[in-house]
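Single-letter residue listing:
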Amino acid sequence: MLDSLGASLRDTIRKITKAGYVDKALIKEVVRDIQRALLKGDVDVHLALKLSKNVERRALEEKPPSGMSYRDFLIKIIYEELIAILGKEKEIRLKPQKIMLVGLYGQGKTTTAGKLAKYFHDKGLSVVMVACDVHRPAAYDQLKQIGEKLNIPVFGIPGERDARKIAKEAIKKTRDYQIKIFDTSGRHALEDDLIQEMEDLKKIIEPDEIFLVLDATIGQQAGKQAKAFHDAVGITGVIITKMDGSAKGGGALSAVATTGAPVVFIGTGEHLEDFEHFNPTRFISRLLGMGDLETLLETAKKLEIEEEKTSKVMERMMSGKFNLKDMYDIWEQMAKPGILQKLLYSLPFYRMGEIDKNLVEESEEKIRRYRVILDSMTYEELENPEIIKGSRIRRIAIGSGKDEQEVRNLLKEYHKMKRMMKEMRGNRKLMRALRRQLKGGNIDLQGLI
Ligand SMILES: Nc1nc2c(ncn2[C@@H]2O[C@H](COP(=O)(O)OP(=O)(O)OP(=O)(O)O)[C@@H](O)[C@H]2O)c(=O)[nH]1
Ligand SMILES: [Mg+2]
């Protein structure tokens, strides 16, 4: 499915992964690659242009959360933008419902009726299919055969020429089933009599869902058809069939998404199990061949949360409020291996002089010890360190297995930090610099150690 589009996109990702660093030239090259791949995959020119512009703009303007490399960030942007052109996922409810399938000749309605029936049947619901196609000879037999294969009942009136009568009878006779799937007849084009028939059936059936069945090989035309059917009868989703072996699947999927109608399922072969619920995120992960993209995104999310936490602490410090809980947050960030060293290097006055390696190690060790002590404090004490005196100090020392002197040292350090912050607040130039950093989302915990 979409083999060549997938292969080109995977090549692009590989190019990024292999690159020594991400610069403007690489971004431009990657954007060109993606554009070419999308156009070859039959994606609309404007859509492909818009996507590549978005990727370029975001890659040049946005900054990765601290801790994430520019390389991973670029991949993440591409991934997100590709998902965005496929629209939103539509949830499939596993509750009693009536589904009406519509579409032109030979798009795959009858086969899809069977696939849908199997989908719900496999999930433990009772299913019946209704043969409302009275135009195509042997339409009833075709559905009946599919039903026999699946062991799922089919309701129909062989020989009946009026689809409305069949639908009316079906509504009366299929009350016991949870899922009712109505196969209808197609036409060469969206003619008036097809529209009339769909409207009449819609009134009788009162379907919960009207799914338009479209063949992927029509490519971008899928968008126009989806819109025309929607205007004529009101569809609630689109099922795209024959995604296997069609190079135009990308065009069909993206064109439908631009109409706002969600793609609900895709058919990927002639067999009844060749069918899947369409999920844009999963689809793109598979297309890019990256099982670990989810992990990448999760990591990014975590880093963003941490960054948010850090900037909250900074804000509190700048507003003059600062307690042991904030100190704990800062130390929690710093306790991560390597972070402290990175921070120290980023401080201007450290950069000027030599960084003593022992200092880093000592500080890391001290932070580890202090965190144990903080863990033994009550919430009230962390919020309001001034109340920590005599008997509380004793209790905290025993609780953390340290001696009282060390608890006192920690408190001293806290007061020193607080004092330092007061002085910082007096230093307007420094505060301005900090605010700028905070706004840029690039925060160094300057001067806190
Ligand atoms: N490769 C492939 N073939 C499919 C898929 N879905 C349907 N087909 C084939 O497409 C052909 C037409 O499918 P039908 O289900 O009969 O289509 P229809 O819309 O009911 O056709 P009419 O009733 O004549 O309007 C059949 O040969 C199916 O086997 C699919 O996802 N992949
Ligand atoms: Mg049919």
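Heads up: these notes are all about the structure in this document. (Residues numbered from 1 in each chain as written. Chains lettered and ligands numbered in written order. Predicted model: local features only at pLDDT ≥ 70, side-chain atom pairs only at ≥ 80, totals over all residues. Heavy atoms only, no water.)

Attention now goes to the packing of aromatic side chains. Applying the stated criterion across every chain, the model contains four aromatic pairs. Measuring from centroid to centroid gives 5.0 Å for Y119 and F265, while their planes differ by 80°, and the two rings are edge-to-face. On the criterion of sequence distance, the pair formed by Y119 in helix α5 (residues 109-122) and F265 in strand β7 (residues 263-267) is long-range, its members being 146 residues apart. Grouping residues by exposure puts Y119 and F265 together as buried. One aromatic cluster in this structure is built from Y119, F120, F265 and F275. The ring centre of Y119 lies 4.5 Å from the NZ or CZ of K123, which sits over that ring. (Phe/Tyr/Trp six-rings, centres within 6.5 Å; stacked < 30°, edge-to-face > 60°. Helix = DSSP H or I, 4+ residues; strand = E, 2+ residues; numbered from the N terminus. Buried < 20%, exposed > 50% of the residue type's maximum accessible area, 1.4 Å probe, protein only. Lys NZ or Arg CZ within 6 Å of the ring centre and 35° of its normal.)

A few words now on the site of ligand 1. The full set close to ligand 1 counts 19 residues, and K109, T110, T111, R136 and D244 are the nearest of them. Side-chain polar atom of T111 to an oxygen atom of ligand 1: 2.5 Å apart, as the coordinates give it. For ligand 1, the protein covers 82% of the area, taking 650 Å² as the surface of the free molecule. Partitioning the shell around ligand 1 into residue classes produces two nonpolar, ten polar and seven charged. (Near = heavy atom within 4 Å. Polar contact = N/O pair within 3.5 Å; in protein donor to acceptor, adjacent residues only side chain to side chain. Areas by Shrake-Rupley, 256 points an atom, 1.4 Å probe, with all protein chains shown as cover. Nonpolar A, V, L, I, M, F, W, Y, C, P; charged D, E, K, R; others polar.)

Below, the discussion takes up the packing of helix α4 (residues 70-84) against helix α11 (residues 280-288). The N-to-C vectors of α4 and α11 enclose an angle of 130°; their axes lie 9 Å apart at closest approach. Considering their axes alone, α4 and α11 lie oblique with respect to each other. The handedness of the crossing between α4 and α11 is right-handed. Counted together, Y79, L82 and I83 of α4 and P280, T281, I284, S285 and L288 of α11 form the full contact between these two elements. (Axes fitted to C-alpha atoms, helices over the stretch in contact; angles between N-to-C directions. Parallel < 35°, antiparallel > 145°, perpendicular 65-115°, else oblique. Left-handed = near helix turned anticlockwise from the far one by under 90°. Contact = heavy atoms within 4.5 Å.)

Keep in mind that these numbers describe shape and distance, not what the molecule does.
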